[in-house]
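Notes for the structure review
Read off the chains here:
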Amino acid sequence: GDSVTQMEGPVTLSEEAFLTINCTYTATGYPSLFWYVQYPGEGLQLLLKATKADDKGSNKGFEATYRKETTSFHLEKGSVQVSDSAVYFCALREGGSYIPTFGRGTSLIVHP
Amino acid sequence: SQTIHQWPATLVQPVGSPLSLECTVEGTSNPNLYWYRQAAGRGLQLLFYSVGIGQISSEVPQNLSASRPQDRQFILSSKKLLLSDSGFYLCAWSAGQGFKNIQYFGAGTRLSVL
């Protein structure tokens, strides 16, 4: 079956540091890939997505590139802010499926 | 535009009491609906999903149940809560089976069973 593996957290950074959160996946087909963000006490919201190989999703300074050859979708941001502190979930969804597959989430803590 | 409402936001219930959490979606028709649970510091656990009125699929056997009495209404219930039912419950919707389709989440219900 499908699976998504994220790096263990928490990731702790100082403000303006570079961020990478690793995500790799296994899938039987050719899925779309997503990053969702969950701010404290809230539900998840879509951060960015990519639907085919070599696509780059981007939003709010975050980027992730769909790498089919390495089955990866790593999240990056050049300069994090305290307001980026949240839990980040990598996910995939295959065509014909009603159910997306989520990773376990990675907590990011940014200190001033 | 589409919106999803989930309530209550916070709930404290004694062990053995019943539970009813409600979720409604506006601005779309025939959505896929989902209930997830998120234990403290853990990932998402899919509990139920529904692709149409009266159609419920259970992913995890437990003392919870779900119902979809109307197209855009999804209810999570229990007859007798257990301590282990504590957690953060999230309702979500998506459209169709398309692989590009996004999950849209409600704000969540924080349930504490004491």
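Small disclaimer: the values here were computed from a predicted structure and weren't measured.

Overview of the overall build of chain A
Along its length, chain A carries zero helices and 12 strands. Helices (α) and strands (β) of chain A occur, in sequence order from the N terminus, as β-β-β-β-β-β-β-β-β-β-β-β. Its C-alpha atoms give chain A a radius of gyration of 13 Å, within 12% of the compact-globule value 13 Å for 112 residues. Of all 112 residues assigned to chain A, the portion counted as buried reaches 45%. Surface summary for chain A: the accessible area is close to 5,100 Å², and the carbon and sulfur share equals 49%. The centroid of the 9 positive side-chain charges in chain A is displaced by 6 Å from the centroid of its 12 negative side-chain charges.

A look at the sheet that holds strand β8 (residues 62–65) of chain A
Within a sheet, adjacent strands bond to each other through the backbone by hydrogen bonds, running parallel or antiparallel. All names here are of chain A. Within the open sheet, the four strands sit side by side as β3-β9-β8-β7. Their pairing is antiparallel. One side of each edge strand has no neighbouring strand; the edge strands of this open sheet are β3 (19–21) and β7 (56–59). On average, each strand axis in the sheet is tilted by 20° relative to the strand beside it, whichever way the strands run. As judged from the four bridges shared by β7 and β8, these two strands associate in the antiparallel manner. Residue pairing for β8: S58 is matched across the bridge by E63.

What to know about the pairing of strand β5 (residues 44–52) of chain B
Residue and element names in this part refer to chain B. With seven of nine residues buried, β5 lies mostly within the body of the structure. Pairing analysis gives six bridges linking strand β4 (residues 32–38) to β5, with the strands arranged antiparallel. Bridge assignment links Y36 to a residue of β5, and that residue is L46. Between β4 and β5, which pair antiparallel in sequence order, lie five residues; one of them, G41, sits at a positive phi of approximately 70°. Bridge analysis of β5 against strand β6 (residues 55–58) gives three bridges, and the strand direction is antiparallel. Residue pairing in the sheet places F48 in a bridge with S58 of β6. Between β5 and β6, which pair antiparallel and follow one another directly, the connecting turn spans two residues, one of which, G54, has a positive phi of 75°.

Topic: the packing of aromatic side chains
For any pair of aromatic rings, the description consists of the separation of the ring centres together with the inter-plane angle of the planes. Here the structure, examined in full by the defined rule, presents 13 aromatic pairs over all chains. Residues Y34 of chain B and Y49 of chain B carry aromatic rings whose centres are separated by 6.3 Å and whose planes lie at 25° to one another, so their mutual orientation is stacked. Taken together, the residues span a long stretch of sequence, with Y34 of chain B in strand β4 and Y49 of chain B in strand β5 at a distance of 15 residues. Under the relative-accessibility criterion, Y34 of chain B is labelled buried at 0%. Between the aromatic rings of Y36 of chain B and F105 of chain B, the centroid separation amounts to 5.6 Å while the plane-to-plane angle is 40°, which identifies the pairing as tilted. Pair noted here: Y36 of chain B is in strand β4 and F105 of chain B is in strand β10 (residues 104–105), with a separation of 69 residues, a long-range link. A relative accessible area of 2% places Y36 of chain B in the buried class. Taken together, the ring pairs in this structure connect F34, Y36 and F102 of chain A together with Y34, Y36, Y49 and F105 of chain B into an aromatic cluster. The positively charged end of K68 of chain A is found above the aromatic ring belonging to Y30 of chain A, 5.3 Å away from the centroid.

Considering the environment of N22 of chain A
Residue and element names in this part refer to chain A. Tracing the backbone through its elements, the reader meets N22 in the loop between β3 and β4 (23–26). Along the sequence, N22 and Q6 sit 16 residues apart, while their C-alpha atoms lie 5.7 Å from each other. When neighbours within four sequence positions are excluded, N22 is seen to be in contact with T5, Q6, M7, W35 and H74. Within the structure, N22 has its side chain in polar contact with the side chain of H74 (distance 3.5 Å).

Calculation notes
By convention here, each chain's residues receive numbers from 1 onward along its written sequence. Whichever chain is written first becomes A and whichever ligand is written first becomes 1, with later ones labelled in order. Predicted model: local features are reported for residues with pLDDT of at least 70 only, side-chain atom pairs are reported and counted for 80 or more only, and whole-chain, interface and lining totals are derived from all residues. With hydrogens and water stripped out, all remaining heavy atoms of the structure feed into the side-chain values. Helix and strand definitions here come from DSSP, where helices need a minimum of 4 consecutive H or I residues and strands a minimum of 2 consecutive E residues; each element is numbered from the N-terminal end. Throughout, the radius of gyration refers to the C-alpha atoms, and the reference size of a globule is 2.2 Å times the residue count to the power 0.38. Partly exposed residues are those whose accessible area sits between 20% and 50% of the maximum for their type, while under 20% is buried and over 50% is exposed, using a 1.4 Å probe and protein chains only. Residue-level accessible areas treat just the shown protein chains as cover; the underlying method is Shrake-Rupley with a 1.4 Å probe. Only four residue types enter the tally: Lys and Arg on the positive side, Asp and Glu on the negative side, with His and both chain ends excluded. Where a charge lies is defined by one atom per residue type, namely NZ (Lys), CZ (Arg), CG (Asp) and CD (Glu). The pairing criterion is simple: DSSP has to find at least two bridges between the two strands. The axes are straight lines fitted to the C-alpha atoms, using for helices just the contacting stretch, and the angles between their N-to-C directions are given from 0 to 180°. For Phe, Tyr and Trp, rings pair up if their centres lie within 6.5 Å, where Trp contributes its six-membered ring, and each pair is then called stacked (planes under 30 degrees apart), edge-to-face (over 60) or tilted (otherwise). Two thresholds decide whether a charge sits over a ring: the Lys NZ or Arg CZ must be within 6 Å of the ring centre and within 35 degrees of the ring normal. We call two residues in contact when some of their heavy atoms are within 4.5 Å. By the criterion applied in these results, polar contacts are pairs of N or O atoms within 3.5 Å in which, for protein atoms, one can donate a hydrogen and the other can accept it, and in which residues neighboring in sequence qualify only through two side-chain atoms.

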